[in-house]
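An overview of the molecular structure
The lines below spell out each chain.
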Amino acid sequence: MSCYHRLSDLMALPIVFALLLAGCGGGGGSGSAAAPPDTTTPPDTTAPTSFTVSGTIQIPGGSLIDADTLPPTTQLAFANNTTATAQPITNPSSIGGYISSSGGVYVGKPIVFDADPTDTYSVALLKDQVVMLRSFPADPVVNAPLQNTSLRLIKKSNLAEIEFQGPSTSDKSIIVPADDDYYVEVTANQGPVLYLLTISQGLVSTSHIASLNHDFVPGEVLVKVRDSVTGFSAQSTDPEQRRFQANDLAKSRLEAIDGLSYQEGSADHGMRMAIDLDKYRAFTAQSADVSAWPEAMQRKWETLQFIETLQKRDDIEWAEPNYIRKAMYTPADPLYSAQWHYPLINLPAAWEVAKGNNVVVAVIDTGVAKAHSDLAANLTSSGYDFISNASIAGDGDGRDSDPEDNGSTFHGSHVAGTVAAVEGNSNGGVGVAYNSKIMPLRVLGVDGSGNDADIAQAILYAAQETNISGTTPAQRADVINLSLGGPGFSNSLQSAVNSAVNKGVIVIAAAGNESSAVPSYPAAFSNVISVSAVGQTSALAPYSNFGSTISVAAPGGNMQQDANGDGNVDGILSTVNASSYAWFQGTSMAAPHVAGVAALMKSINAGMDATTFKAKLEAGLLTDDLGATGRDDSFGYGLINASKAVTEAGGTIAPFLSVSTQGLSFDGLETTASLTLSQGGSGSVRVTGVSDTDNSTATDADWLTVIAQGEDSNNLGTYVVTIDRTNKPVGTSYSATITINYEIDNVAQTPKTVSVLMTVPDPSKVATVGTLYVGLIERTAQEAAEDEINQGADQVLIEIFRFQEATENNGVYEYAFSNVPNGDYFVFASTNMDQDNVVSDRGEAQGDYPVVGEPTMITVRSANLTNLNFTVGYLNVVEGLSTETGSTPQIIRKIPEAYLPELRTTESSNIQKQN
């Protein structure tokens, strides 16, 4: 049997789901040594039937919890509802919380919730940081999720208020206007609500610091005078004469501003004005000394400073830089900026010459949510459901022509979105090869498993070979993605793979998530491209398999980190169900990056086949070295590089400087990080200087150093960024900008910048999510619930088999279940801030063993299982534009009756009277 480490549905849908069968991997450990036999009585030869399951739980740095979430057995006591009682928090941080405009009773549940109208936090913030609030209705039956919270900042220095201004959505954000101490207020307009408040580095900002990374004409401004000014004096009844008068008035008004002179344009659409920067330089020197900066940077700085003065004038409607647009494509899709994993592999440059047109990628997985607005347009009509076991199919039958994902994990949908989510539809993010087509082939059922026979048939179908379906697709797949696997060599799978490869199909597979060198099949076959996973820092992900069978590395995510400080854990963002997007992690997420790159290559070079792709990969032509030069057991032949791959396939890409990240965040005890500068495209790229500037003082940052390590003759290579917290007050934060000057073909370019955020941690404020519960789910109980769903039930409650509160020790949680009977289980953990008798709601901190989003079944048989360690953090889910109709069946994870807070039920007068 072949199976995968499945994605949790807990963060994929707007309802609460239980864990399903997770695949073949799993943790284990040796049991404790047996005691010496008692020689006075006959030895007991009965084999033990129960054992201990234990481990530890790590919390990502910066995780905190609201001081007054709903308690289980007493009424909520306000702890941070006013500025006088504001809760101090660290910067950066992620805070989970509970608020409600009033008390009441959950719909359909005899459980009381309490009022907690406002939560207030105290924190020192830096200019251009972002404060973001994401809210989730704790009682979605009656709570409108788009209007349930308000967000505002209050400056402590003058009590000035900055309120979120924008559309009424679940996501609200405010860009910090200046360095200062602030109160952050989260207010409930409805209730009850769970929320995630993040204090993050503003990587995409309109500030002058961030805009220095943008390319624009120094010494110019595009500006429009308000119509109320130009129209008032344009008295002529003749339209042309009125336009002339308005233009003349606007030009006169602008040229009256010292330092501006007219170049071209109109009052209707804005005027292009020249700025006398030499005259303005004396003024800017009063606000910041930038004389040590390169001349090009100084003139950009001065231009932006001048533009800021125009933006503050009452007679100016807008003023902006004259941006330079280049052929480096950046999708406009709203979630693209959160897809850090694409710039990491140089995709934007590759998109200039390749988008995957006319290429078919078979995603052999759980099927695809066909109605998803970011997938529907890129699905072929030749999908198929190869699941032979009707009991796990979830659609009431066995094999059929409908590959709809009937499970609750949407693993296949997430994988498909990474390959080919639609670009340019103003929704969600994009896929690696966003103009390619997905052939959805369903082999994994609602319990997360699939057998070798079914998987082999799907591979044969994708390759247009004779198969059990009795049909073949009109166009065979060019690439096959297999984000599934398990130990054990299979001749059946090997035979099918061989047939596909012999026809030229490039076969990509996930290496596995056991942090093990044990081969996982089909990835371990010699003619399959086996993909390990890296996080945002390009380090091997802690869960990723490694070993002699690894071919290549790709972004799979590391949700223990937020390496760029953008407020999102470093998972892979992609499509899930038909209205949502979520961050997941795993080698399952890494493989489709490589499949997408292969599709880009194929769209340029139709002759690119499995043999050619493998040869180019092994020659180092498609990757960047991360470990040893050449091949190593962690990254194979290196990190996939889309621009290199497309160039190697025959595309022509102009030379550019690739910088490994837009931002670095030092929010824990770490003091160093790596920054990689490399060349993309053809031609010559040379780094001419790397410097750093403290954003508050505009001078060299005394706490930051950047030192080249192993650079080449063009100063490209690795740069080590080191921060020094010596003599910096505890609890303070600092930001800086690393500026990279460089030339292309001996011509100086606009410098690139990297944002750096450094926090001096307070040892007394360790990461915590408050009270954390750990549970075991029985496989049999889960399957019974799935059967009910398959028979048409809309909602099924499933009780957790074992449930306990974890013990916290300095930010690390420990758990141990004793007397666990032989059986198959899943281990999970979650907070329960809203006390609604179910756990793992959106907004709760949660995690699965061994990695969040990809739980693995454990088997209790003959020994204690120890060191089942995993991470728990706050998980983000983003709602998209839904094209769903009807309701989605719910499998709700219910707390066992023995653990229910009896005093919070409506039968209890203790709390009810207080509300």
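For the structure itself, look to the data block above.
The model shown is predicted, which means the values in this text are computed figures rather than measured ones.

Counting its secondary structure elements, the protein chain contains 15 helices and 53 strands. Counting over 915 residues, the protein chain shows a buried share of 58%. Considering only contacts within the protein chain whose residues lie at least 6 apart along the sequence, 74% involve residues at least 24 apart. Total accessible area computed for the protein chain in this model is approximately 34000 Å², and 49% of it derives from carbon and sulfur atoms.

A two-sided burial pattern is seen for strand S31 (residues 656-659), the buried positions comprising Phe656 and Ser658 on one face and Leu657 and Val659 on the other. As defined by bridge partners, S31 adjoins strand S33 (residues 672-680) across four bridges and the pair is classed as antiparallel. The partner of Leu657 across the bridge, within S33, is Gln679.

Our focus in this paragraph is the packing of aromatic side chains. Overall, the coordinates contain 16 aromatic pairs when judged by the stated rule. Aromatic side chains Tyr773 and Phe803 sit 5.1 Å apart centroid to centroid with 10° between the ring planes, which places their arrangement in the stacked category. In this pair, Tyr773 sits in strand S40 (residues 773-778) while Phe803 sits in strand S42 (residues 802-805), placing the two residues 30 residues apart along the sequence. Every member of this aromatic cluster is reached through a ring pair, and the members are Tyr336, Tyr342, Trp351 and Tyr434. In this arrangement the basic side chain of Lys109 is found over the ring face of Tyr106, its NZ or CZ atom lying 5.8 Å from the centre. Looking at Lys728, its charged tip hangs above the ring of Tyr734, at a distance of 4.9 Å from the centre.

For the rest of this paragraph, the subject is the sheet that holds S31. The strand order across the open sheet built from four strands is S31-S33-S36-S35, with neighbouring strands paired in antiparallel fashion. The open sheet has two edge strands, S31 and strand S35 (704-709), and neither has a second partner. Neighbour to neighbour, the strand axes of the sheet diverge by 25° on average, direction disregarded. Strand direction decides the pairing type here: S35 and strand S36 (residues 717-723), joined by six bridges, are antiparallel. Note on S36: the bridge partner recorded for Gln709 is Thr718.

All right, on to the pairing of strand S15 (residues 220-225) then. Summarising burial for S15: five of the six residues are buried, a large majority. Relative to strand S17 (residues 270-275), S15 runs antiparallel, the two sharing four bridges. The residue bridging Leu222 from the neighbouring strand is Arg272, located in S17.

Below, the discussion takes up the nonpolar core. Core analysis: the biggest nonpolar cluster contains 104 residues, and Leu441, Ile459, Ile480, Leu482, Ile508, Val594 and Phe613 have the highest contact counts within it. A per-element tally of this core places helix H11 (residues 587-604) first, with 10 residues. What Leu441 contacts, discounting residues up to four positions off in sequence, is Ala362, Val363, Ile364, Asp365, Gly367, Ser382, Gly383, Tyr384, Phe386, Ala458, Tyr461 and Ala462.

Moving on: helix H12 (residues 610-618). Every buried residue belonging to H12 is among Ala610, Phe613, Lys616 and Leu617, and all of these are buried. Projection of H12 onto a plane perpendicular to its axis shows the buried side chains occupying an angular sector of 135°, all on one side. Phi turns positive, to about 75°, at Gly620, one or two residues after H12.

Our focus in this paragraph is the pattern of salt bridges. Across all of its chains, the model carries 25 salt bridges by this definition. A salt bridge links Arg272 to Glu220; the shortest N-O distance between them is 2.8 Å. Of this pair, Arg272 sits in strand S17 while Glu220 sits in strand S15, placing them 52 residues apart in sequence. Residues participating in the shared-partner salt-bridge network are Arg152, Glu161 and Glu185.

Mapping Asp180 onto the fold places it in strand S13 (residues 180-188). Here Asp180 sits buried without a salt bridge, and the closest side chain of opposite charge, Lys155, lies 4.2 Å off (N-O distance). Polar side-chain contacts of Asp180 include one of 2.7 Å to the side chain of Ser157. Those residues in contact with Asp180 that sit more than four places away from it in its chain are Val123, Ala124, Leu125, Lys155 and Ser157.

What counts and how
- All chains use their own residue numbering, which begins from 1 and follows the written sequence.
- Local features in this predicted model are restricted to residues of pLDDT 70 or higher, and side-chain atom pairs are both shown and tallied only at a pLDDT of 80 or more, whereas totals for entire chains, interfaces and linings draw on every residue.
- As a rule here, side-chain values cover all heavy atoms of the structure and leave hydrogens and water aside.
- Strands here mean DSSP runs of E at least two residues long; helices mean DSSP runs of H or I at least four residues long; both are numbered from the N terminus.
- Buried, partly exposed and exposed residues are distinguished by accessible area as a fraction of the type maximum, computed with a 1.4 Å probe on protein chains only: under 20%, between the cut-offs, and over 50%, respectively.
- When checking whether two residues touch, look at their non-hydrogen atoms; a contact exists if any pair is within 4.5 Å.
- Working definition of accessibility: Shrake-Rupley area with a 1.4 Å probe, residue cover restricted to the visible protein chains.
- Paired strands, as defined in this entry, are two strands with at least two bridges between them according to DSSP.
- Each Phe, Tyr or Trp ring (for Trp, its six-membered ring) is paired with any other whose centre lies within 6.5 Å, and the angle between the two planes then decides the class: stacked below 30 degrees, edge-to-face above 60, tilted in between.
- Here, a charge over a ring is recorded when the distance from Lys NZ or Arg CZ to the ring centre is within 6 Å and its angle to the ring normal is within 35 degrees.
- A fitted line through C-alpha atoms serves as each axis, taken over the contacting stretch for helices, and the angle formed by two N-to-C directions is quoted from 0 to 180°.
- Working definition of a nonpolar core: buried Ala, Val, Leu, Ile, Met, Phe, Trp, Tyr and Cys residues. They are joined through side-chain atoms within 4.5 Å.
- It is the directions from the helix axis to the C-beta atoms whose arc is reported.
- Basic side-chain nitrogens of Lys or Arg form a salt bridge, by our definition, when they fall within 4 Å of a carboxyl oxygen of Asp or Glu.
- Positive charges come from Lys and Arg alone, negative charges from Asp and Glu alone, with His and the N- and C-terminal ends not counted.
- Under the rule applied, a polar contact is a pair of N or O atoms within 3.5 Å (in protein, one hydrogen donor and one hydrogen acceptor; residues adjacent in sequence only if both atoms are side-chain atoms).

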